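This is what each chain is made of:
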Protein chains: 2
Amino acid sequence: MAAEHPRLLLVADEIRQLRNQWPQSTLFSAAIERARSRIDGLVAGPPEVPLPKDPGGGYTHERHKANGIVVAQAGALYQWTGESAYADLVRQLLLAYAGMYPELDLHPERKEQSPGRLFWQSLNESVFLTYAIQGYDAIHATLDAQDRERIEARLFRPMADFLSVESPQVFDRIHNHGTWATAAVGMTGYVLDDDDLVEMALMGTARDGKAGFLAQLRQLFSPDGYYLEGPYYQRYALMPFVLFAKAIEHNEPEREIFEYRSGIVAKAIRTTVQLSYAGLFFPINDAIRDKGLDTVELDYAIAIAHGVTGDPAFLSLLDDPSNIVLTADGLRLALAREAGHATPFPFASRHFRDGPAGGQGALTILRTGGALGPALVFKATSHGMGHGHFDRLHWMFYDNGAEIVADYGAARFLNVPQKAGGRYLPENKTWAKQTVAHNTLVVDATSQFGGDYRQADRSWPTGHYYHVEDDVQIVSAAERTAYPGTSLHRTMLLLEWPGLDHPFVIDLLKARSAEAHRFDLPLYFAGALIETQPAIDMQASLRPLGEAYGYEHLWRLGEGRGAADDKLAFTWLKDGRFYTYSVIANAEIDVAYVRVGATDPAFNLRPEPGLIIGAENVRNFDIVAVLEPHGEYNGAREYTIRSDSQVARLQRFDDEGKDLVVVKTKDGATLAVALSYDPDPNTAHAIRTAAGEYRWRGYHRVFGDGHYEERSNER
Amino acid sequence: MAAEHPRLLLVADEIRQLRNQWPQSTLFSAAIERARSRIDGLVAGPPEVPLPKDPGGGYTHERHKANGIVVAQAGALYQWTGESAYADLVRQLLLAYAGMYPELDLHPERKEQSPGRLFWQSLNESVFLTYAIQGYDAIHATLDAQDRERIEARLFRPMADFLSVESPQVFDRIHNHGTWATAAVGMTGYVLDDDDLVEMALMGTARDGKAGFLAQLRQLFSPDGYYLEGPYYQRYALMPFVLFAKAIEHNEPEREIFEYRSGIVAKAIRTTVQLSYAGLFFPINDAIRDKGLDTVELDYAIAIAHGVTGDPAFLSLLDDPSNIVLTADGLRLALAREAGHATPFPFASRHFRDGPAGGQGALTILRTGGALGPALVFKATSHGMGHGHFDRLHWMFYDNGAEIVADYGAARFLNVPQKAGGRYLPENKTWAKQTVAHNTLVVDATSQFGGDYRQADRSWPTGHYYHVEDDVQIVSAAERTAYPGTSLHRTMLLLEWPGLDHPFVIDLLKARSAEAHRFDLPLYFAGALIETQPAIDMQASLRPLGEAYGYEHLWRLGEGRGAADDKLAFTWLKDGRFYTYSVIANAEIDVAYVRVGATDPAFNLRPEPGLIIGAENVRNFDIVAVLEPHGEYNGAREYTIRSDSQVARLQRFDDEGKDLVVVKTKDGATLAVALSYDPDPNTAHAIRTAAGEYRWRGYHRVFGDGHYEERSNER
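Residues numbered from 1 in each chain as written. Chains lettered and ligands numbered in written order. Predicted model: local features only at pLDDT ≥ 70, side-chain atom pairs only at ≥ 80, totals over all residues. Heavy atoms only, no water.

A few points about the interface of chain B and chain A
- Chain B puts 50 residues into the contact, and the matching count from chain A is 50 residues.
- Interface area lost by chain B to chain A is led by Gln418(B), Phe603(B) and Arg637(B), which between them contribute 18%.
- The interface formed by chain B and chain A contains 26 residue pairs in polar contact (both at pLDDT 80 or more).
- Among the elements of the structure, α11 (231-251), α13 (296-309), β14 (528-533), β19 (589-596) and β23 (639-641) of chain B are those that each provide at least two residues to the side of chain B that touches chain A.
- The element best represented in the side of chain B that touches chain A is β14(B), accounting for 5 residues.
- Its residues placed into classes, the side of chain B that touches chain A shows 25 nonpolar, 11 polar and 14 charged. (Contact = heavy atoms within 4.5 Å. Buried area = accessible area lost by both parts, 1.4 Å probe. Polar contact = N/O pair within 3.5 Å; in protein donor to acceptor, adjacent residues only side chain to side chain. Helix = DSSP H or I, 4+ residues; strand = E, 2+ residues; numbered from the N terminus. Nonpolar A, V, L, I, M, F, W, Y, C, P; charged D, E, K, R; others polar.)

Structure representation (structure tokens):
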């Protein structure tokens, strides 16, 4: 192990080399100044270390949280500036904690499953230790033997023991709370020269490798670096992984932790970045919509990923001093950025398999045009435990820098005391998790798996197909367990075609059942509704759409009807661009124009608009849609162009399970998508229509006329 | 007159001096490139000059509009680049128009009041001429005598005659349509060396100065540069004023047009800029909310204002090549900006008197903290003719870069064909103009003046008081005619005070009547409602709030009640900051939580939220409110601070028409505002309360305790 302190994220050797360089970086200097003023803001007077009393959000909770951060940041400031006042501050705080900690019982407001001592839950205690041990490490050399003995014996050892051997139900769990615990304990082991603590952190309390950090690295991320709870929790889960991995690299480089599982740590970081649009994470599952690349977790992750890979694309993701971490990686990132080495991050299409072996569904992103171009997100992952939503085969669409087809995210005002103490609101369960809150098919006005997540955790969508080639991108998957007796299959394409202004989406959704059902397909769009076909009759008074499974939260603003095979079309305007959603179905359709917000006694919900395309008493329901971005509205310059859809006709043909979708534009151009659903590239398929026979090999083929180059996965 | 061409906005001498300089400016070079590609976009093949057929938005209308711009821009490009292709393009277009124009009858889709020939209304024809004459001027030297004769005799002379002597009802009108006509005709006079046309443009068809450009300059703007229809139309009206003024300056500098009426042209431009927040105009009256400093009118106005005044604050307002006009002023602005001379525009408190002599009410802006700090807008202007809203004593509030208390603006999707052809929507009259759509008192659920604008145009609010001094800013006005038998008086203060986080608003509104009435005070807030006192009972089904005067467009989402003198409080969250509106009234209060959008068959309305504080059967209604910005919500960094209001108590005392408002904070600080409503600074006033006697001189005084410096207008 490293002989000198510090030895975690900061290491003595690097600091010596870099201490004179940081003033050359404007960004890093600003980050240092920001840390100074942050500490000044958090420590107004003498250190406050109150007896634990309040739950999350309360005074003692927030004070201890802030103290943990102060210890780490003041330690880093001491290392970079050499100013002894910061070392003194850390020493005072740690001695105060050492004075109190051994006497603490479990927290008076403890959570039942995983109580803490300083905090109501042990998770917060792990986070505190992760920070505090870094601060101690940073000032270790300034302390005399007596202080070290006191701080280690009365604070760090008992806290590490409390979080490991005394809380094995958390420590040995393959879960992000477990990762925080193993990271905190392992980092403490390095600082206290305690091989045994480190070994336990890596291998679990039984030292058999079935639990602990390495098992977590193997099991919590898929081989593509996807975290089963989705991007919002992926960000949070990432933090202890990257911190502890960096500490392992510094102390035991022979473990080659960044090579572990084909470099899963850096891969998970890249995946997290890909799971964002315009800086914000795709808000699937329980997600706060404000979260994105501008979070402390990504600050550390990106700096460390840049340090590990040297990839200059990471440099382009951070540009504010508040995002520069006070480590050698942070400084090197700032210097490289300031030297002009940043390249754009390569946002691109990705198929992220879910599950430890990659066999539990996938989240697919189809993109073209880089960071702010179109992005289609198709969710066919595993459920993701208690924070998962019942949204299999759900999709979202982004374009022109904005959200166009939206996911509601979580119903929660994070940390706002007046809103249920900042916790998940009741409407998170009754609305946000329910199937009808998503852009996927609802059967019989209930939610997938009846809304039972334990049941949902046992299966995942199957039959995935993903193919990306120039101007044709396709993803497809089936879901057979969410609604017993009904199977669902959805295929989505992102296409570029001279017949239409911009890349556009084709969606083919098929439901098959032996019994007749009510089907509802919601589309939550962002923007102002401009025109609809059929006309929507507005209601003179509003009632909720239903009574359960989220329907009770939708006001029915208006309704319309359409015949089977008739093209319906809905145009809205968002940020200066028009979007038309054209739909045909094989049954008579009723359309509800809805707004979120009914049955909401504490006005917790956002009034988002949506359309619900429904059909009653149908066994096999087939729906084909095109989402077409078009034209431009410029209010400042007073012009509008192409506010009308170019889609003139939409048709679907099927033949023994094969499908053909034909799109005709007003200019007379025709595009056809043929689907066999057979991944074998050598099998030949055909569908005959009045216009002729379409023949292809393999799963799919896109046919164009005249000015369209034919493409398929046939080679 | 200037001997050489060009001689309007571009003049030959300046071009010669500057032609070699423009490549040094990145901004101007980019503007040149942008103009090139714009012309390439507008002129795909040979010039198209179709026979007039379509109304606004239709093909021939848009084609002729575009051709006018192409003529002007190609002319400017020819002047700056010397490329003869641009001169040829202008020549071809003008000859094509000369071939057609004399044969044209009135437009087949003509508007009754002011028909055009190329366009359905003569306004468009004036705008066309304003552009086209600039292009002709720019290429004049390249044409032979025969072309000149043909273009002048068959296009410019007949068009100028058509817009002046043949349409005196528009030309001689003191109205923005008249200004477009006089500007177009006057500029044509300069280019055609026709003194008589110029004289008529300046003095009206009767040459007596009762009409024409100078009369318009005297009568359309107030002495403070405020235009009676409000900022949205002020922007539009400004364009012909600044273009023609610049042409006059170049051709007849002895007129000292920029000195006219104490420099009203530059003053009107400064006022227009002050009437904006975060780049967008305050959307009072019929206003499209997208409009702001980023409009072609302001591009010209700002460049010309910078040219006239040399004020470097104008440089900071434009930073995009698309906003740089291709004139000498545009180039000098770009060069000065690139030389680093820009200073921030001094956004500050202003009291803009309305009416030609300044005696018809006023629009007041109270600001502190510059461009993105708090701004309170108080509207007590004249009505503003057909585009005015029935909103006397209405207010809006901006803070932290965002709209906090909002004006709906107009109900219109400008130029979107599907939305009533892009014209004002029916809901503009039934909702947007009505009193209940604004943050001012509604009496008996009707609109001011019964919604009759001719009646409203005859009077204006009176008794204005405006005083700005460091941390106390106050505005006050009365309205006695909008609701017969009821007089209204409203006083608003923007205060800075150590007792509260941020500058905050105090609002005292008094209604006096001999009869009992229903009173409603709406507050349209931007953001998510966080907490209310009293509790709002959400409705299980929704009905409109009423049947007429805009009430039919409000869904009643919920309701609550409060006793007289009880403090009500409503907290919302907008862009990371909390806002609490605390209210007391002298009567029992009912509160409706509403959302715009009822009775809206074509879903034209935006679903904005509002609160309506109402009282039934009251003769004298007094309401006092505090709007307090506080705390911070940061979702990315996961913290929330001071989400609770600091206002503990709100009291009002009155004594023989004098008022005292007392605000107490939870920290125990007290602030009191005393109002005598007597502008004489020497008269002494007093109000006695249980806490002691407050004594002051003059209209108002603000009393603080301990840590607040007392201030008033007493000196």
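Re the confidence of the model for chain A
Residues and elements named next belong to chain A.
- Here chain A shows a mean pLDDT of 95. Residues at 70 or above account for 98%.
- The low-confidence segment residues 706-715 (pLDDT under 50) makes 33 contacts with residues lying over four places distant or belonging to another chain.
- Scoring the predicted complex yields pTM 0.94 and, for the interface, ipTM 0.92. (pLDDT = per-residue confidence, 0-100.)

Points about the packing of α11(B) against helix α12 (residues 260-274) of chain B
Residues and elements named next belong to chain B.
- It is at 10 Å that the axes of α11 and α12 come closest, and there the two elements cross at 150°. Classified by the interaxial angle, the pair formed by α11 and α12 is roughly antiparallel. You can see that α11 and α12 cross each other, and the crossing is left-handed. For the pair formed by α11 and α12, the contact residues are Gln234, Arg235, Leu238, Val242 and Ala245 on the first element and Val265, Ala268, Ile269, Thr271 and Thr272 on the second.
- Within the contact of α11 with α12, the residues separate by chemical class into 6 nonpolar, 3 polar and 1 charged. (Axes fitted to C-alpha atoms, helices over the stretch in contact; angles between N-to-C directions. Parallel < 35°, antiparallel > 145°, perpendicular 65-115°, else oblique. Left-handed = near helix turned anticlockwise from the far one by under 90°.)

Focus: the pattern of salt bridges
Residue and element names in this part refer to chain B.
- Across all of its chains, the model carries 88 salt bridges over all chains by this definition.
- The salt bridge partner of Asp391 is Lys379, with a shortest N-O separation of 2.6 Å. Here Asp391 is found in the loop between β5 (375-381) and β6 (394-399), whereas its partner Lys379 is found in strand β5, with 12 residues between them in sequence.
- Given a relative accessible area of 1%, Asp391 falls into the buried group. (Salt bridge = Lys/Arg side-chain N within 4 Å of Asp/Glu carboxyl O. Buried < 20%, exposed > 50% of the residue type's maximum accessible area, 1.4 Å probe, protein only.)

Regarding the side chain of His383(A)
Residue and element names in this part refer to chain A.
- Here His383 is to be found in the loop between β5 (375-381) and β6 (394-399).
- Reaching out from His383, the side chain makes a polar contact with the backbone oxygen of Gly388 at a distance of 3.4 Å.
- Ignoring any residue separated from it by four or fewer positions in sequence, one finds His383 in contact with Asn285, Gly388, His389, Phe390, Arg392, Tyr453, Ala456 and Asp457.

So, the packing of aromatic side chains
- Under the counting rule described, the total for this entry stands at 52 aromatic pairs over all chains.
- When the centroid spacing of 3.6 Å and the interplanar angle of 10° are considered together, the rings of Tyr465(A) and Tyr699(A) count as stacked. Note that Tyr465(A) is positioned in strand β9 (residues 462-469) and Tyr699(A) in the loop between β28 (692-697) and β29 (700-704), a separation of 234 residues in sequence.
- A residue is classified by how much of its surface remains accessible, and Tyr699(A), at 3% relative accessible area, is buried.
- Within the aromatic cluster, the residues linked to one another by ring pairs are Tyr190(A), Phe213(A), Phe221(A), Tyr227(A), Phe241(A) and Phe244(A).
- Arg235(B) extends its terminal NZ or CZ atom over the ring of Tyr232(B), reaching a point 4.6 Å from the ring centre.
- The lysine or arginine in question, Arg606(B), covers the ring of Tyr408(B), its NZ or CZ lying 4.0 Å from the ring centre. (Phe/Tyr/Trp six-rings, centres within 6.5 Å; stacked < 30°, edge-to-face > 60°. Lys NZ or Arg CZ within 6 Å of the ring centre and 35° of its normal.)

Quick notes on the relation of the copies chain B and chain A
- When chain B is fitted onto chain A, the two copies agree to an RMSD of 0.1 Å after a turn of 180° and an axial shift of 0.1 Å. Here the transformation between the copies is reduced to the relation of a two-fold axis. No C-alpha of chain B lies nearer the rotation axis than that of Leu542(B), which sits 2.4 Å from it.
- A shared interface surface links the copies, since 100% of the contact residues of chain B are contact residues in chain A too. (Least-squares fit on C-alpha atoms with pLDDT ≥ 70 in both.)

Regarding the packing of helix α3 (residues 59-81) of chain A against helix α4 (residues 84-100) of chain A
All names here are of chain A.
- It is the contact of α3 with α4, at a shortest axis distance of 8 Å, that shows an interaxial angle of 145°. Here the hand of the crossing between α3 and α4 comes out left-handed. Contacts between α3 and α4 involve His64, Asn67, Val70, Val71, Ala74, Gly75, Leu77, Tyr78 and Thr81 from the first element and Ser84, Tyr86, Ala87, Leu89, Val90, Leu93, Leu94, Tyr97 and Met100 from the second.
- Of the residues contributing to the contact of α3 with α4, the split by class is 13 nonpolar, 5 polar and no charged.

Some thoughts on unusual backbone geometry
Residues and elements named next belong to chain A.
- Residue Pro534 follows Gln533 across a cis peptide bond; omega there is 10°.
- As for its position among the elements, Pro534 is in the loop between β14 (528-533) and β15 (537-538).
- A positive phi angle, near 65°, is found at Asn415, a position not held by glycine.
- Within the element layout of this structure, Asn415 appears in the loop between β7 (402-405) and α15 (426-432).

Structural notes on the side chain of His700(A)
Residue and element names in this part refer to chain A.
- Summarising the element assignment, His700 is placed in strand β29.
- On the accessibility criterion, His700 (1% relative accessible area) is buried.
- Within the structure, His700 has its side chain in polar contact with the side chain of Tyr465 (distance 3.0 Å).

With respect to the sheet that holds β6(A)
All names here are of chain A.
- With respect to topology, 5 strands assemble into an open sheet ordered β3-β4-β5-β6-β7, the strand pairing being antiparallel. The sheet terminates laterally at β3 (350-353) and β7, the two strands that pair on one side only. Strand-to-strand, the axes of this sheet are offset by a mean angle of 20°, without reference to chain direction.
- With 5 bridges connecting them, β5 and β6 associate as antiparallel partners. The residue of β6 that forms the bridge with Lys379 is His394. (Pairing = 2+ DSSP bridges.)

Details of helix α6 (residues 145-163) of chain B
Residues and elements named next belong to chain B.
- Compared with an ideal rise of 1.5 Å per residue, which puts 19 residues at 27 Å, α6 spans 25 Å between its outermost C-alpha atoms and is within 8% of the ideal.
- Turning to α6, its buried residues number three or more, namely Asp147, Ile151, Glu152, Leu155, Phe156, Pro158, Met159, Ala160, Phe162 and Leu163.
- In this fold, the buried residues of α6 make contact with α4 (84-100), α5 (122-139), α7 (168-171), α8 (176-191) and α9 (195-203). (Expected span 1.5 Å × (residues − 1).)

Observations concerning the environment of Asn323(A)
- Inspection of the secondary structure puts Asn323(A) in the loop between α13 (296-309) and α14 (328-338).
- On the accessibility criterion, Asn323(A) (5% relative accessible area) is buried.
- Separated by 331 residues in sequence, Asn323(A) and Asp654(A) place their C-alpha atoms 53 Å apart.
- Discounting chain neighbours no more than four positions away, the residues touching Asn323(A) are Asp294(A), Asp299(A), Leu318(A) and Arg637(B).
- At 2.8 Å, the side chain of Asn323(A) forms a polar contact with the side chain of Asp294(A).

Let's talk about the sheet that holds strand β3 (residues 350-353) of chain B
Residue and element names in this part refer to chain B.
- Spatial ordering of the open sheet is given by β3-β4-β5-β6-β7, a layout of 5 strands whose pairing is antiparallel. In the strand order of this sheet, the two ends are held by β3 and β7 (402-405), each with one partner. Strand-to-strand twist in this sheet, taken as the mean axis angle between neighbours without regard to direction, amounts to 20°.
- Direction of pairing for β3 relative to strand β4 (residues 361-367): antiparallel, over a ladder of 4 bridges. Each bridged residue has a counterpart across the sheet, and for Arg353 the counterpart in β4 is Ala362.

Describing the environment of Gly355(A)
All names here are of chain A.
- One can find Gly355 in the loop between β3 and β4 (361-367).
- The class for Gly355 is buried, based on a relative accessible area of 8%.
- Contact partners of Gly355, with chain neighbours within four places excluded, come to Phe221, Ser222, Pro223 and Gln360.

Section: the pairing of β7(A)
Residues and elements named next belong to chain A.
- The pairing of β6 with β7 spans 3 bridges and is antiparallel. Bridge pairing in β7 links Tyr398 to Glu403.
- Hairpin connection, β6 to β7: the antiparallel pair is bridged by 2 residues, and Asn400 has positive phi, about 55°.

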